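Chains, contacts and geometry: an overview
Below are the chains, spelled out letter by letter.
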Amino acid sequence: MFEKITEHIYIHPAEHYTDRPNIGLVVGEEKTLLFDAGNSKKHVEKLRAELSEQGLPLPDHVLLSHWHWDHSFGAKFWNADIIAGTKTNEELKKVLKIPVSIDTSKSVVASAGITAGADFINDVCALSDKGMAQVILESDLPCCIMHNQNIMCEGAFWQEYLVQIEKMIDNALANGICCDKIVIDPGIGFNKNYQENLIIINRLQELKKFGYPILLGTSRKSVIGLTLDLPKDQRMEGTLATTVMVVMKGCSFVRVHDIKENKRAILMTEAILGRA
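What counts and how
Residues numbered from 1 in each chain as written. Predicted model: local features only at pLDDT ≥ 70, side-chain atom pairs only at ≥ 80, totals over all residues. Heavy atoms only, no water. Helix = DSSP H or I, 4+ residues; strand = E, 2+ residues; numbered from the N terminus. Expected span 1.5 Å × (residues − 1). Buried < 20%, exposed > 50% of the residue type's maximum accessible area, 1.4 Å probe, protein only. Contact = heavy atoms within 4.5 Å. Phe/Tyr/Trp six-rings, centres within 6.5 Å; stacked < 30°, edge-to-face > 60°. Salt bridge = Lys/Arg side-chain N within 4 Å of Asp/Glu carboxyl O. Pairing = 2+ DSSP bridges. Axes fitted to C-alpha atoms, helices over the stretch in contact; angles between N-to-C directions. Left-handed = near helix turned anticlockwise from the far one by under 90°. Nonpolar A, V, L, I, M, F, W, Y, C, P; charged D, E, K, R; others polar.

1. Let's talk about helix α10 (residues 259–272)
Between its first and last C-alpha, α10 extends 20 Å over 14 residues, near the 20 Å set by a 1.5 Å rise per residue. When α10 is considered as a whole, its buried residues turn out to be Lys260, Asn262, Ala265, Ile266 and Thr269. Elements that come into contact with the buried residues of α10 comprise β1 (3–4), α9 (236–248) and β12 (253–254). Residue Gly274 follows α10 closely and has a positive phi angle near 80°.

Written out as structure tokens, the structure reads:
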């Protein structure tokens, strides 16, 4: 069944995947959008029946982002317009009127996303594409730069990690990106082993010294699975624990799959800390 998360967004349980965004239905005043079209005619019929039972509208548009290309077969059974790639940004912004972020390491993709209406550039390789800085500069949009490097200094991980974070920031500034446009992502799960991921989460507050907002993504990641010995679809409690901890340590943004549960955890944490 579709669960109501906000006034316009309904989420359907991720029956056929566990590591992808699971937004199901976006209901606007003039049109309805559906993500993840379903991977078979049988699955589409099941979703149609649930929408009807809950009194929800059938979609006018089926959106196929790169996460959902494998469901293009199911999309044809909806009798709705199919929208793919960066054009999904345009439709989301029309209906939800909320900021849209594009997650990429390639300047050509970032440029296309900006043209389609993206409001934020999340560069998962911290300007390794030589054209990315120029794209960001010309757009005047804020960006997130993520640490995604190997650290070879055995026994001195944290010290070398801080050096690389500082170099990552300095590189962005040297390329002309204004300091008030920069968010940093510590890069949990990218070129780091299990213990290194735990160290970053535990010492996250030390990154505040650089003076930039911190965005962190731990949701359902392997550091949680390895700790609890659980598959991806059973890692919510572990994710919530990391969310509470990093918010307490000064993290400004968390990227999660289970929005409602994490939001509630953050609200409770901030109330306890007197930030509410």
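2. Here's the deal with the packing of aromatic side chains
For any pair of aromatic rings, geometry is given as the distance between the ring centres together with the angle between the planes. Taken as a whole, this structure holds two aromatic pairs when the rule is applied. Seen in terms of ring centroids, Phe157 and Tyr161 are 5.5 Å apart; in terms of plane orientation they differ by 20°. Their pairing is stacked. Within this pair, Phe157 and its partner Tyr161 are both found in helix α6 (residues 157–174), separated by four residues, close to a single helical turn. In this structure, Phe157 and Tyr161 share a single accessibility class: buried. An aromatic cluster of at least three residues, connected via ring pairs, comprises Phe157, Trp158 and Tyr161.

3. Quick word on the pattern of salt bridges
A full pass over the atoms with the stated rule returns six salt bridges. Among the salt bridges present, the one from Asp140 reaches Lys181, with a minimum N-O distance of 3.7 Å. One end of the pair, Asp140, is in the loop between α5 (132–139) and β9 (143–146); the other, Lys181, is in the loop between α6 and β10 (182–185), and 41 residues separate them in sequence. Its salt-bridge partner being Asp185, residue Arg255 comes within 3.5 Å of it at the nearest N-O pair. Linking Arg255 in the loop between β12 and α10 with Asp185 in strand β10, this pair joins segments that are 70 residues apart in sequence. The exposure class of Arg255 is partly exposed, given its relative accessible area of 32%. According to the relative accessible area criterion, Asp185 is buried, its value standing at 2%.

4. Description of the sheet that holds strand β8 (residues 120–123)
Here we have four strands laid out as an open sheet, ordered β7-β8-β9-β10, and parallel in their pairing. Of all strands in the sheet, those with a lone pairing partner are β7 (101–104) and β10, marking the two edges. Put simply, the sheet's adjacent strands are angled 20° from each other on average, direction ignored. In the packing of helix α4 (residues 107–115) onto the sheet, contacts are made with β7 and β8, and the angle to β7 comes to roughly 165°.

5. Observations concerning unusual backbone geometry
Phi at Asp140 is positive, roughly 60°, even though this residue is not glycine. At Asp229, a residue that is not glycine, the phi angle is positive and equals roughly 55°. Along the chain, the position of Asp229 falls in the loop between α8 (222–228) and α9. Judged by relative accessible area, which is 67%, Asp229 ranks as exposed.

6. Some words on the packing of α9 against α10
Relative orientation of the contacting elements α9 and α10 amounts to 35°, with a least axis distance of 9 Å. Note that α9 runs across α10; the crossing there is right-handed. Contacts from Met236, Thr239, Leu240, Thr243, Val244, Val247 and Met248 of α9 reach α10 at Glu261, Asn262, Ala265, Ile266, Thr269 and Glu270. For the contact of α9 with α10, the class distribution of residues is seven nonpolar, four polar and two charged.

Keep in mind these numbers describe shape, not what the thing actually does.
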